[in-house]
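Here's the letter readout for the chains.
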Amino acid sequence: MTPPAHLRSRMASEHGMGAIDLVLVSAFILIPFAMLLLSFPVRMEYRSMADAAAREAVRACATAFDPATGQGRAEAVARQILAERGPAPGATVVSIDCRTAWAPGGVVSARVSLDVPAIDVMGVWTVASWTITSSYREQMEPYRSTPRQ
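## Things to note about the overall build of the protein
For step 1, the next point in the chain: Helices and strands together make up the secondary structure of the protein, namely four helices and three strands.
For step 2, the next point in the chain: Secondary structure elements in the protein, listed N-terminal to C-terminal, are α-α-α-α-β-β-β.
For step 3, the next point in the chain: Within the protein, buried positions represent 27% of all 149 residues.
For step 4, the next point in the chain: Taking the intrachain contacts of the protein between residues at least 6 apart in sequence as the baseline, contacts between residues at least 24 apart amount to 62%.
For step 5, the next point in the chain: For the protein, the accessible surface area stands at approximately 10,100 Å², while carbon and sulfur atoms represent 61% of it.

Next up, the structure:
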């Protein structure tokens, strides 16, 4: 038995399709976009942390009296800054060069790389990851005294 003509026309019409479209658009476009947008401040915090770690490590190295002390101080400062926010230990790479250019007027450098999640939902669910790299260089004082060997 087929439904009457007025019911068939009502079933074939597009009444109520806007609600279905709204649900589909929300689920597949708006929610992922909102999650990406909300994770932007976290990425900026990681960027700031990487910049600060590289900058302070170079300053600690450039103000030390000898290269071995400078290298140790620089690594300790960088690790302390990175430990404050707490990225995963394997997700950070710190390379500091205090020894090759150790002379008055020499340039010391540091490079910090962090693997951060692209989208992080309350620390429970993460999607992909990005690598944030920050490097900093500083010239040592040209008229400083150096230890005698």
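## Points about the packing of helix α2 (residues 17-38) against helix α3 (residues 40-62)
For step 1, the next point in the chain: Between α2 and α3, whose axes approach to 4 Å, the crossing angle comes to 25 degrees. By the angle between their axes, α2 is roughly parallel relative to α3. Residues Leu36, Leu37 and Leu38 of α2 form the contact with α3, whose own contacting residues are Phe40, Pro41 and Arg43.
For step 2, the next point in the chain: Taken together, the residues of the contact of α2 with α3 break down into five nonpolar, no polar and one charged.

## Remarks on a nonpolar patch on the surface
For step 1, the next point in the chain: On the surface, Met17, Ile20, Leu24, Val25, Phe28, Ile29 and Leu30 cluster together into a nonpolar patch covering about 680 Å² of accessible area.
For step 2, the next point in the chain: Structurally, Leu30 is set in helix α2.
For step 3, the next point in the chain: Judged by its relative accessible area of 47%, Leu30 is partly exposed.

## Points about the pattern of salt bridges
For step 1, the next point in the chain: Under the criterion given, the structure shown has three salt bridges.
For step 2, the next point in the chain: Across the pair Arg55 and Glu56 runs a salt bridge, and its minimum N-O distance is 3.9 Å.
For step 3, the next point in the chain: Owing to a relative accessible area of 29%, Arg55 belongs among the partly exposed residues under this scheme.
For step 4, the next point in the chain: Between Arg59 and Glu56 there is a salt bridge whose closest N-O contact spans 3.4 Å. In this pair, Arg59 and Glu56 both sit in helix α3, three residues apart, roughly one turn of the helix.
For step 5, the next point in the chain: Since its relative accessible area comes to 36%, Arg59 is described here as partly exposed.
For step 6, the next point in the chain: Among the charged side chains, a salt-bridge network with shared partners connects Arg55, Glu56, Arg59 and Glu138.

## Digging into the side chain of Arg43
For step 1, the next point in the chain: On the secondary structure map, Arg43 appears in helix α3.
For step 2, the next point in the chain: Those residues in contact with Arg43 that sit more than four places away from it in its chain are Leu36, Pro117, Ala118, Trp130 and Ile132.

## Concerning α3
For step 1, the next point in the chain: A rise of 1.5 Å per residue sets the reference length of α3, with its 23 residues, at 33 Å; its end C-alpha atoms lie 33 Å apart and thus fit the reference within 8%.
For step 2, the next point in the chain: Inspection of α3 places Arg43, Tyr46, Met49, Ala50, Ala52, Ala53, Ala54, Ala57, Val58, Ala60, Cys61 and Ala62 among the buried residues, and these make up the whole buried set.

## Remarks on the packing of α3 against helix α4 (residues 67-85)
For step 1, the next point in the chain: Interaxial distance between α3 and α4 falls to 8 Å at its minimum, and their mutual angle equals 160 degrees. One way to sum up the angle between α3 and α4 is to call them roughly antiparallel. As for the relative orientation of α3 and α4, their crossing is right-handed in sense. Each of Val42, Glu45, Tyr46, Met49, Ala52, Ala53, Glu56, Ala57, Ala60 and Cys61 in α3 lies in contact with α4, whose residues at this interface are Gly70, Arg73, Ala74, Val77, Ala78, Ile81, Leu82 and Arg85.

## Observations regarding the side chain of Gln71
For step 1, the next point in the chain: Its location among the elements puts Gln71 in helix α4.
For step 2, the next point in the chain: The buried category is assigned to Gln71, whose relative accessible area is 9%.
For step 3, the next point in the chain: Discounting chain neighbours no more than four positions away, the residues touching Gln71 are Ile96, Asp97, Cys98 and Arg99.

Rules behind the numbers
Residues numbered from 1 in each chain as written. Predicted model: local features only at pLDDT ≥ 70, side-chain atom pairs only at ≥ 80, totals over all residues. Heavy atoms only, no water. Helix = DSSP H or I, 4+ residues; strand = E, 2+ residues; numbered from the N terminus. Buried < 20%, exposed > 50% of the residue type's maximum accessible area, 1.4 Å probe, protein only. Contact = heavy atoms within 4.5 Å. Areas by Shrake-Rupley, 256 points an atom, 1.4 Å probe, with all protein chains shown as cover. Axes fitted to C-alpha atoms, helices over the stretch in contact; angles between N-to-C directions. Parallel < 35°, antiparallel > 145°, perpendicular 65-115°, else oblique. Nonpolar A, V, L, I, M, F, W, Y, C, P; charged D, E, K, R; others polar. Patch = residues over 30% accessible without salt bridge, like charges linked within 9 Å, V, L, I, M, F, W, Y side chains within 5 Å. Salt bridge = Lys/Arg side-chain N within 4 Å of Asp/Glu carboxyl O. Expected span 1.5 Å × (residues − 1). Left-handed = near helix turned anticlockwise from the far one by under 90°.

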